[in-house]
Amino acid sequence: KNLGPHLLRAGGEPGLCYTCHADVQAQGYWPSHHPLKEGEMSCSDCHNPHGSELSAWRGAPTSRDLCLKCHAQYRGPFAVEHPPAQEDCTICHSPHGSMNRDLLVASEPFLCQRCHADVHNPHVPASFRSSADLAQQALFFSDCTVCHGSIHGSDQSNTFTR
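A few points on the structure.

Calculation criteria
Every chain's residues receive numbers from 1 upward, in the order its sequence appears when written. Where local features are concerned, this predicted model is filtered to residues with pLDDT of at least 70; where side-chain atom pairs are given and counted, the filter is 80 or more; whole-chain, interface and lining totals use all residues. Side-chain numbers here rest on the full set of heavy atoms in the structure, without hydrogens or water. The salt bridge criterion pairs a side-chain nitrogen of Lys or Arg with a carboxyl oxygen of Asp or Glu, the two atoms within 4 Å. Partly exposed describes any residue whose relative accessible area lies between the buried limit of under 20% and the exposed limit of over 50%, with all areas from a 1.4 Å probe on protein chains only and scaled to the type maximum. Numbering goes from the N terminus for both helices and strands, where a helix is a DSSP run of H or I of at least four residues and a strand is a run of E of at least two. Counting of polar contacts relies on pairs of N or O atoms within 3.5 Å, with two restrictions inside protein: one atom must be capable of donating a hydrogen and the other of accepting it, and residues adjacent in sequence are counted only when both atoms are side-chain atoms. Take the buried Ala, Val, Leu, Ile, Met, Phe, Trp, Tyr and Cys residues and link them wherever side-chain atoms come within 4.5 Å; each set so joined is a nonpolar core. Throughout, a contact is declared for two residues whenever any of their heavy atoms are within 4.5 Å.

### A short note on the pattern of salt bridges
Next up, step 1: One pass over the full model with this rule turns up three salt bridges.
Next up, step 2: Its salt-bridge partner being Arg 101, residue Asp 102 comes within 2.4 Å of it at the nearest N-O pair.
Next up, step 3: Judged by its relative accessible area of 49%, Asp 102 is partly exposed.
Next up, step 4: In this structure, the salt-bridge partner of Asp 143 is Arg 101, at a minimum N-O distance of 3.7 Å. Of this pair, Asp 143 sits in the loop between α7 (134–140) and β2 (153–154) while Arg 101 sits in the loop between α4 (83–87) and α5 (110–113), placing them 42 residues apart in sequence.
Next up, step 5: It is possible to trace a salt-bridge network through shared partners that takes in Arg 101, Asp 102, Glu 108 and Asp 143.

This is the structure:
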């Protein structure tokens, strides 16, 4: 709930918050961002402005619990869990803004390769992995979620495939 311009200095949220958090304001202009500048949410929807570092989340004990308040479809439980998604959303997502789609901290496949460095697309023959053929390179470096669409968890596949 927005605390309102009448109770806060500097015209309320998010203006007051941005006086100290200019980096967060800048992230709100990146291609992927929560709809803060559009006025569809406010800083206090997620943050407790009077909380300490340990209790800064609005009505949730962890950042993951906070995210799941609006993104319940990723809660699970799933038959097969993807551990990072069960631990902390910020392992893969930047909550204030990102240059990558879906608030991802890095683009695919590079985000996935942070943990899965030794995994290669099995549908691309090994001879093409070092190929100079741009079409084959495009397939090899395509988004992992083209095939692995249920990356938060799955009830049907242990490879998180669609």
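### Observations regarding the side chain of Ser 98
Next up, step 1: Turning to its location among the elements, Ser 98 is positioned in the loop between α4 and α5.
Next up, step 2: Among the polar contacts made by the side chain of Ser 98, one reaches the main-chain amide nitrogen of Asn 100 at a distance of 2.9 Å.

### Points about the nonpolar core
Next up, step 1: Counting residues in each nonpolar core, the largest one holds five residues, listed as Tyr 18, Val 24, Leu 36, Met 41 and Cys 43.
Next up, step 2: In this view, Met 41 contacts His 34, Pro 35, Leu 36 and Cys 46; residues no more than four positions away in its chain are not counted.

### Brief notes about the environment of Gln 86
Next up, step 1: Residue position: Gln 86 is located in helix α4.
Next up, step 2: Gln 86 sits twelve residues away from Tyr 74 along the chain, and the two C-alpha atoms are 9.1 Å apart.
Next up, step 3: Contact partners of Gln 86, with chain neighbours within four places excluded, come to Arg 64, Tyr 74, Arg 75, Phe 78, Glu 81 and His 152.
Next up, step 4: Side chain to side chain, Gln 86 and Glu 81 meet in a polar contact 2.7 Å long.

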